[in-house]
Amino acid sequence: MDSAAAARATAAVSSIPRDDEGPVFREPWEAQAFAMALTLHERGLFTWNEWAAALADQIKRAQADGDPDTGETYYRHWLATLEQLVAEKGVATAEALHHYRDAWDHAADRTPHGKPIELRPEDFAG
């Protein structure tokens, strides 16, 4: 991950969990979601102000639905925001995102713990 880009993101989005060295992640998928947002920002899909507003709205909706906001679900909100903006900007449809999420879940179910998850064509079959 580009440390300069990560530093710019943490400066622009104050809610990002961090320590003295930069953003912190509890699980690998959180770092991957963070990196995807960095990449899409750098490619001009959204500004950090736009991202922060969309993320804040996502968190408010989750809290209204009962999320206890203990910090453990932060990157779930991050991922939901990423999916929302990707769909709104026409990069991928919400349907395509759900299709990939289902495929990912299928691949994760067949993957032994501790092994990398790899998508295969059969993961998209249903």
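See the structure printed just above.
Residues numbered from 1 in each chain as written. Predicted model: local features only at pLDDT ≥ 70, side-chain atom pairs only at ≥ 80, totals over all residues. Heavy atoms only, no water.

(A) Inspection of empty space enclosed by the protein at higher detail. Going through the model one piece at a time under the given rule, you end up with one cavity of 30 Å³ or more. Counted as a void, the largest cavity has a volume near 30 Å³. Taken together, A5, R8, A9, L38, H41, E42 and W48 make up the full set of residues lining the largest cavity. At the level of secondary structure, the elements contributing two or more residues to the lining of the largest cavity comprise α1 (3-12) and α2 (28-42). Broken down by class, the residue content of the lining of the largest cavity amounts to four nonpolar, one polar and two charged. (1 Å grid on protein atoms, 1.4 Å probe; cavity = no way out; pocket = protein on both sides within 12 Å on 5 of 7 lines; lining within 4 Å. Points joined across faces, edges and corners; volume = space filled by probe spheres on them. Helix = DSSP H or I, 4+ residues; strand = E, 2+ residues; numbered from the N terminus. Nonpolar A, V, L, I, M, F, W, Y, C, P; charged D, E, K, R; others polar.)

(B) Representation of a nonpolar patch on the surface. Taken together, the side chains of Y100, W104, I117 and L119 make up a nonpolar region of the molecular surface, amounting to roughly 370 Å² of accessible area. Inspection of the secondary structure assignment puts L119 in the segment after α5 (94-110). The class of L119 is partly exposed, set by a relative accessible area of 35%. (Patch = residues over 30% accessible without salt bridge, like charges linked within 9 Å, V, L, I, M, F, W, Y side chains within 5 Å. Areas by Shrake-Rupley, 256 points an atom, 1.4 Å probe, with all protein chains shown as cover. Salt bridge = Lys/Arg side-chain N within 4 Å of Asp/Glu carboxyl O. Buried < 20%, exposed > 50% of the residue type's maximum accessible area, 1.4 Å probe, protein only.)

(C) Spotlight on the nonpolar core. Of all hydrophobic cores here, the largest spans 23 residues; its most connected members are V13, I16, F34, W51, Y74 and W78. Of the residues forming this core, the biggest block, six residues, is contributed by helix α4 (residues 74-88). Look past the residues within four positions of W78 in its chain and what remains in contact with it is V13, I16, A33, F34, A37, W51 and L55. (Core = buried A, V, L, I, M, F, W, Y, C linked by side-chain atoms within 4.5 Å. Contact = heavy atoms within 4.5 Å.)

(D) A look at the layout of surface pockets. What the largest pocket holds in volume is close to 1100 Å³. Together, 28 residues line the largest pocket, and W29, M36, L79, E83 and W104 are the ones closest to its centre. Within the residue set of the lining of the largest pocket, elements represented by two or more residues are α2, α4 and α5.

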